[in-house]
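# Secondary and tertiary structure notes
Given next are the chains, with one letter for each unit.
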Amino acid sequence: MARLLPSAAVLLSFGMAAGSSMYLAKMCRGQTCDDPAFPLLDYDEASESCLCRQHPCWSDDGKIHTCTTEDYPFLKFKYEESGKLVCECSSTPHAGSVYIASGLCAGHDCQEPEFPILDYDEEKGECICRANPCQDLDGIKHECSDPDFPILRYREEEPEEDMDEAKPVCECGAKIGNPPEAEL
């Protein structure tokens with residue numbers, strides 16, 4: 001088991017939880033992931049469908065990364081341009097997309113606290129860093145204050161029959177840190 005300790009990892013300190021790709025929310029409307037063993041909502045290009053997946057740092061070429069310090073307890077991932085997975089410990093919760101981070105935006109990383117979410121702009125065909133849409137959804141700033149559910153997630157529900165637009169949903173997702181014990 002590989003452990004990321006502050007001395008061995010790039011330590012991140014963002015002001016808000018990251019976990020709300022609008023591109024992914026549109027592709028995966030009506031879906032959510034509540035199983036702690038498979039907490040990440042993602043898209044699988046091969047099957048052209050959405051799925052719930054394990055955190056990629058829980059199975060990195062046979063290594064299980066964990067974050068054990070009080071100041072940096074959250075596991076974060078990104079992919080280098082070469083496709084190499086990079087696992088880090090962060091002070092802020094993170095729930096990204098493997099499809100976006102590795103398939104569409106390898107080599108990109110969002111470091112600005114105001115724009116922590118790596119996303120894909122379909123209209124421009126480029127990777128962007130965006131603010132969490134739940135920070136200002138229809139004039140309401142959503143927050144997650146329960147330490148067991150710290151990830152502010154944006155998702156969309158299918159439009160109702162009499163509506164043309166999808167229904168935006170902001171919710172607090174469970175902490176993603178170390179893999180569930182039953183999975184080890």
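Coordinates for the structure precede this section.
This text gives an overview of the structure that appears in the document. What you see is a predicted model; the values in this text were computed from it and never measured. (Residues numbered from 1 in each chain as written. Predicted model: local features only at pLDDT ≥ 70, side-chain atom pairs only at ≥ 80, totals over all residues. Heavy atoms only, no water.)

### Some points on the side chain of E156
By the secondary structure assignment, E156 is in strand β9 (residues 151-157). Within the structure, the side chain of E156 is placed 2.8 Å from the side chain of Y154, a separation counted as a polar contact. If sequence neighbours within four positions are ignored, E156 has contacts with A25, K26, R29, G30, A166 and K167. (Helix = DSSP H or I, 4+ residues; strand = E, 2+ residues; numbered from the N terminus. Polar contact = N/O pair within 3.5 Å; in protein donor to acceptor, adjacent residues only side chain to side chain. Contact = heavy atoms within 4.5 Å.)

### Section: unusual backbone geometry
One non-glycine residue with positive phi stands out, namely D61, at about 50 degrees. Within the fold, D61 resides in the loop between β3 (49-53) and β4 (65-67). Here the phi dihedral of D138 falls at roughly 55 degrees; this positive angle occurs in a residue that is not glycine. Summarising the element assignment, D138 is placed in the loop between β8 (126-130) and β9.

### Concerning the layout of surface pockets
Where empty space is left can be seen by rolling a probe of water-molecule size over the atoms. Looking at the largest pocket, its volume works out to about 250 Å³. Considering the residues around the largest pocket, the lining is formed by 17 residues, among which D34, P36, P39, A174 and K175 are closest to the centre. Those elements giving two or more residues to the lining of the largest pocket turn out to be β9 and β10 (167-173). Partitioned by chemical class, the residues of the lining of the largest pocket number 10 nonpolar, 3 polar and 4 charged. Approximately 220 Å³ is the volume attributed to the second largest pocket. What lines the second largest pocket is simply M22, Y23, K26, R29, Y120, D121, E122, E123, R130 and E156. For the lining of the second largest pocket, the elements supplying multiple residues, two or more each, are α1 (22-27) and β7 (117-121). The element contributing the most residues to the lining of the second largest pocket is α1, with 3 residues. Partitioned by chemical class, the residues of the lining of the second largest pocket number 3 nonpolar, no polar and 7 charged. (1 Å grid on protein atoms, 1.4 Å probe; cavity = no way out; pocket = protein on both sides within 12 Å on 5 of 7 lines; lining within 4 Å. Points joined across faces, edges and corners; volume = space filled by probe spheres on them. Nonpolar A, V, L, I, M, F, W, Y, C, P; charged D, E, K, R; others polar.)

### Overview of the state of the cysteines
Applying the stated criterion to the full structure yields 8 disulfides. Between C33 and C52 runs a disulfide, and the two sulfur atoms are separated by 2.0 Å. What sets the handedness of the C33 and C52 disulfide is the S-S torsion sign, and at about -90 degrees it is left-handed. Of the two residues, C33 is situated in the loop between α1 and β2 (40-44) and C52 in strand β3; the sequence distance between them amounts to 19 residues. On the basis of relative accessible area, C52 is assigned to the partly exposed category, the value being 33%. Here C105 engages in a disulfide with C127; their sulfurs sit 2.0 Å apart. With the S-S bond torsion at -100 degrees, the cross-link from C105 to C127 turns out left-handed. One end of the pair, C105, is in the loop between α2 (98-104) and β7; the other, C127, is in strand β8, and 22 residues separate them in sequence. With relative accessibility at 1%, the residue C105 sits in the buried group. By relative accessible area, which is 17% here, C127 ends up buried. (Disulfide = S-S within 2.5 Å. Buried < 20%, exposed > 50% of the residue type's maximum accessible area, 1.4 Å probe, protein only.)

So far we have only geometry, and geometry alone does not tell us how the molecule works.
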